[in-house]
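One-letter residues, chain by chain:
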Amino acid sequence: MGLTAFPNGLSSFGVPVVGGGGIPATKGTMYFVDYGSGSDGNDGTNISTPYKTLAYAYGMATTNMDDVICLMGSTAHTLTGMLSITKNRVHFIGLDGTPGRHFGQNARVVIGVTTDTANVSMIQNTGVRNSFHNIKFDSGDTLTQAVTCFGEGGEFTLFTNCHFYKSTHLTTTTATELLLNGDSCAFYNCTFGSLVNQVADNYIRPNVRLARETITGKVCRDCYFENCLFLTKAGGTEATHVYAAGATDVERMLQFKDCTFHNAQLSAAVAANAVGAASAQTEGIIFLKNCSSVNCTVMAKAATNIFVDGAVPTFATTGVSLEA
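Here is a short report on the structure shown in this document. Just so you know, these numbers come straight off a predicted model, no measurement behind them.

1. Some thoughts on the side chain of glutamine 255
Working step 1: Looking at where glutamine 255 falls in the secondary structure, it is placed in strand 22 (residues 250–257).
Working step 2: Not counting chain neighbours up to four residues away, the residues in contact with glutamine 255 comprise Cys223, Tyr224, Phe225, Phe287 and Lys289.

2. Some details on the packing of aromatic side chains
Two descriptors summarise a pair of aromatic rings, namely the distance from one centre to the other and the angle between the planes of the rings.
Working step 1: Applying the stated criterion across every chain, the model contains 25 aromatic pairs.
Working step 2: Where phenylalanine 132 meets phenylalanine 137, the ring centres are 6.1 Å apart and the plane angle is 75 degrees; that geometry is what we call edge-to-face.
Working step 3: Overall, phenylalanine 132 belongs to the buried group, its relative accessible area being 1%.
Working step 4: We classify phenylalanine 137 as buried; its relative accessible area is 1%.
Working step 5: Lysine 52 extends its terminal NZ or CZ atom over the ring of tyrosine 35, reaching a point 4.2 Å from the ring centre.

3. Section: the state of the cysteines
Working step 1: Within the structure shown, the criterion is met by zero disulfides.
Working step 2: Unpaired in this structure, cysteine 220 has its nearest cysteine sulfur neighbour in cysteine 223, at a distance of 4.0 Å.
Working step 3: Exposure remark for cysteine 220: the relative accessible area of 0% places this residue in the buried category.

4. A look at the pairing of strand 9 (residues 121–125)
Along any regular strand the residues' side chains alternate between the sheet's two faces.
Working step 1: Within strand 9, five of the five residues are buried, leaving the element largely enclosed by the surrounding structure.
Working step 2: As paired elements, strand 6 (residues 83–85) and strand 9 share three bridges and run parallel to each other. Paired with serine 84 across the strands is glutamine 124, a residue of strand 9.
Working step 3: The pairing of strand 9 with strand 12 (residues 148–152) spans four bridges and is parallel. Across the sheet, residue asparagine 125 finds its bridge partner in strand 12, namely glutamate 152.

About the cut-offs
- Residues numbered from 1 in each chain as written.
- Predicted model: local features only at pLDDT ≥ 70, side-chain atom pairs only at ≥ 80, totals over all residues.
- Heavy atoms only, no water.
- Helix = DSSP H or I, 4+ residues; strand = E, 2+ residues; numbered from the N terminus.
- Contact = heavy atoms within 4.5 Å.
- Phe/Tyr/Trp six-rings, centres within 6.5 Å; stacked < 30°, edge-to-face > 60°.
- Buried < 20%, exposed > 50% of the residue type's maximum accessible area, 1.4 Å probe, protein only.
- Lys NZ or Arg CZ within 6 Å of the ring centre and 35° of its normal.
- Disulfide = S-S within 2.5 Å.
- Pairing = 2+ DSSP bridges.

Below is the structure:
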């Protein structure tokens, strides 16, 4: 069997190319998107005739068929409004010559200033078993309502090697890179925020915000982060990386394993805690396993049902990095 041009998936002599962040073998349809040179009038199923826009490619995908949308890494993929993902088992993959980046992904989804007040997020996912790989999500929207880069309210969503970045709303307490209302979602090798843009003095503007039913009917339940980076530049001690706004924002479990919470050296203040909550969680536990914080006083706010585990299980010292 000869080489194919991806009409039914990427293959070499009939053998699908899988793993390492590449295109998976699937019974679904492969769609290719190139914002720089594609056209939404193309058939989109061949890498040489890609669609232009992510929104159009998503519209062509069929729910529950494990369709794959491949984003070319040669250009930024621009959205003009919130992309609402409600279909199930759709997979979004950034084509990267070297998959596995925490940041600097070749494929970048961006949005500028919009005017529709419904644009609360750049992307909002409420589908089941969708996945996202090797993509930077970059929101520069200054619209008052557009406070979130990525709103996650799906079930069993998987994210690998993605970067979530929102450069605006640095003085808005409800703003965040990731609004987490998802059920059983997992994040591996992802990055949230940056060390560049300073949060205003005494504002809680986290990388990850937990706020029950901000996405209607959705709540953070049994979610998991592993080997992820959380980056901020604190304007005051109130700055934090992960924040639960209410007492019922976590159901059952939210776990972080081998993660780093980094407050910039050039920030205006040492953050009081890396992970915090307005009040003690009553329906679930936040658990930090072998995590580290940099330029934060403690790993987690006391008496809020946040548990910290490490080499020295003492609240005041566990996970707090020390200068040599």
